[in-house]
Amino acid sequence: MNRWSPIGIKNMKKSHALLAVFAAFVFGLANGFSATKFQQKQFAEGDTNGDKSLTKKEYVAVKLASGKKSAQKNNREFNEEKVATRQAKAFGRYDIDGNGKLSEEEFYASFPARKK
Ligand SMILES: [Ca+2]
Ligand SMILES: [Ca+2]
């Protein structure tokens, strides 16, 4: 279920999303996975029930937490509601196999696509 290879075959409808993730994945490789430690930390923090996947709620919560932190650090305004809405939408894009949860791979793949 959570492996890379069978996803594209079973879920052709999501090929666009898959392509985006693949591009992000390659981009991540090119960058030497510099964000990996951060990703792992976020995933671990986000996965509050420890089932090795992030529900939408867990995902949004961890994104809100990190967004808030970086906003504070950069002295920027943080619109929690706006960010939550955006992240809830993003969740659907990253959930490649459409099971309503982000596996570690799906979560990590979501990172390199973010603006630096
Ligand atoms: Ca979880
Ligand atoms: Ca999934």
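Preceding this paragraph is the structure being described.
The present account deals with the structure reproduced in this document. (Residues numbered from 1 in each chain as written. Chains lettered and ligands numbered in written order. Predicted model: local features only at pLDDT ≥ 70, side-chain atom pairs only at ≥ 80, totals over all residues.)

**Section: the overall build of the protein chain**
Inference 1: Scanning the protein chain from N- to C-terminus turns up six helices and two strands.
Inference 2: The long-range fraction of contacts in the protein chain, counting pairs at least 24 apart against all pairs at least 6 apart in sequence, stands at 61%. (Helix = DSSP H or I, 4+ residues; strand = E, 2+ residues; numbered from the N terminus. Contact = placed C-beta atoms within 7 Å.)

**Focus: the environment of Val60**
Inference 1: With respect to the element layout, Val60 can be found in helix H4 (residues 56-73).
Inference 2: Under the C-beta neighbour-count criterion, Val60 is labelled buried, with 20 such atoms within 10 Å.
Inference 3: Taking C-alpha positions, Val60 is 8.5 Å from Val83, a pair spaced 23 residues apart along the chain. (Buried ≥ 20, exposed ≤ 12 C-beta atoms within 10 Å, placed from the backbone.)

**Considerations on the nonpolar core**
Side chains of a nonpolar character, in soluble globular proteins, are inclined to be buried together.
Inference 1: Counting 15 residues, the largest nonpolar core has Leu54, Tyr59, Tyr94, Leu102 and Phe107 as the members making the most contacts within it.
Inference 2: Mapped onto this core, the elements with two or more residues apiece are helix H2 (15-30), H4, helix H5 (80-94) and helix H6 (104-109).
Inference 3: Once residues within four sequence positions are removed from consideration, Leu102 is found in contact with Ser53, Leu54, Tyr59, Tyr94, Asp95 and Phe107. (Core = buried A, V, L, I, M, F, W, Y, C linked by C-beta atoms within 7 Å.)

**Looking at helix H3 (residues 36-46)**
Inference 1: What H3 keeps buried is the set Gln42, Phe43 and Gly46. On an axial view of H3, the arc spanned by its buried residues comes to 100°, and they lie on one face. Across from the buried face of H3, at angles greater than 90 degrees, the exposed residues are Lys37 and Lys41.
Inference 2: Check the buried side of H3 and you find it contacts strand S1 (53-55), H4 and H6. (Arc of directions from axis to C-beta.)

**Examining the packing of H4 against H5**
Inference 1: It is at 9 Å that the axes of H4 and H5 come closest, and there the two elements cross at 135°. Between H4 and H5, the crossing angle belongs to the class labelled oblique. In this structure, H4 meets H5 at a crossing whose hand is right-handed. Across from Lys56, Tyr59, Val60, Lys63, Leu64 and Gly67 in H4, the residues of H5 making contact are Glu80, Val83, Ala84, Gln87, Ala88 and Phe91. (Axes fitted to C-alpha atoms, helices over the stretch in contact; angles between N-to-C directions. Parallel < 35°, antiparallel > 145°, perpendicular 65-115°, else oblique. Left-handed = near helix turned anticlockwise from the far one by under 90°.)

**Thoughts on the packing of H3 against H4**
Inference 1: At a minimum axis separation of 9 Å, H3 and H4 run at an interaxial angle of 125°. Accordingly, the angle class assigned to the pair H3 and H4 is oblique. Regarding H3 and H4, the two cross each other, and that crossing is right-handed. When H3 is examined against H4, the residues Gln42, Glu45 and Gly46 are found in contact with a partner set consisting of Glu58, Tyr59, Ala61, Val62 and Ser66.

**Considering the environment of Glu80**
Inference 1: Along the chain, Glu80 falls in helix H5.
Inference 2: The spatial distance from the C-alpha of Glu80 to the C-alpha of Ala65 is 9.5 Å, given a sequence separation of 15 residues.

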